[in-house]
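These are the residues of each chain, in order.
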Amino acid sequence: MQTSKHIFLIGFMGSGKTYWGKKLSRAIELPFLDLDDLISSKVGKSIADFFQDSGEAAFRNMEVLALQEISRLPTPHIIATGGGTPCFFDNLEYMNKSGTTIYLKVSPEILVARLRSETNTRPLLKATPADKLLQTIQELLKARETFYTKATFTIPQIDTSDDILPLLIQVSNRL
Ligand code: S3P
């Protein structure tokens, strides 16, 4: 694989950052890392438990430290970030400086279908009743798109069964 840069996958919860990150990693033979997994191993508990015990501010502080630690790795990696990572501190600029960002753009309707059964393990959606899920996701996505759309590349998934791997490979080969 030619790239000498990290590839950061960014996007909303349920946009497939980990799923596609692992597939891309195998396809272009670059190691894969998941930012939430690193945070979880640092704090010794799940992200959901850490949120509950210490609150979002503590999580965001751990997140920025973990992001900077990963970014300092001397060899390129494919990194799945958390849905909020680009939206706090100067994380997005930081990622764009230490590598390339790819936004996995998914519609609120598809996100609802994917996240409906997982709200219990998603701290930011835990308190949202099923009939308010679409509205909550639409609002949060709208606020976050200010950041997501500053990614170097955007890959939309129009349909939930879209295979975006060829596009991801194409983009990675251009770096
Ligand atoms: C978050 C998304 C989660 C995780 C945390 C906060 C967010 O990651 O980092 O629960 O703010 O959107 P995923 O996008 O991998 O679910």
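Details of the structure are given in the entry above.
Quantities reported herein were computed from a predicted structural model and do not represent experimental measurements.

The element strand β4 (residues 99–106) is largely enclosed, with a buried count of seven among its eight residues. Pairing between strand β1 (residues 6–10) and β4: five bridges, direction parallel. Along β4, the bridge assignment pairs Ile 7 with Thr 100. Sheet analysis places β4 next to strand β5 (residues 153–157), joined by five bridges and oriented parallel. Paired with Ile 102 across the strands is Phe 153, a residue of β5.

Looking at the largest pocket, its volume works out to about 450 Å³. Forming the boundary of the largest pocket are 22 residues, of which Met 13, Asp 36, Gly 82, Gly 83 and Arg 122 lie nearest the centre. Broken down by secondary-structure element, the contributors of at least two residues to the lining of the largest pocket are α1 (17–28), α3 (47–54) and α4 (56–71). Among the elements that make up the lining of the largest pocket, the one with the highest residue count is α4 (three residues).

Under the counting rule described, the total for this entry stands at three aromatic pairs. Ring plane angle 90° and centroid distance 4.9 Å describe the contact between Tyr 19 and Trp 20, whose orientation is recorded as edge-to-face. Its relative accessible area of 6% is what places Trp 20 among the buried residues. When the ring centre of Phe 147 is taken as origin, the NZ or CZ atom of Lys 150, which lies over that ring, is 5.7 Å away.

Definitions and limits used
- Residues numbered from 1 in each chain as written.
- Predicted model: local features only at pLDDT ≥ 70, side-chain atom pairs only at ≥ 80, totals over all residues.
- Heavy atoms only, no water.
- Buried < 20%, exposed > 50% of the residue type's maximum accessible area, 1.4 Å probe, protein only.
- Helix = DSSP H or I, 4+ residues; strand = E, 2+ residues; numbered from the N terminus.
- Pairing = 2+ DSSP bridges.
- 1 Å grid on protein atoms, 1.4 Å probe; cavity = no way out; pocket = protein on both sides within 12 Å on 5 of 7 lines; lining within 4 Å.
- Points joined across faces, edges and corners; volume = space filled by probe spheres on them.
- Phe/Tyr/Trp six-rings, centres within 6.5 Å; stacked < 30°, edge-to-face > 60°.
- Lys NZ or Arg CZ within 6 Å of the ring centre and 35° of its normal.

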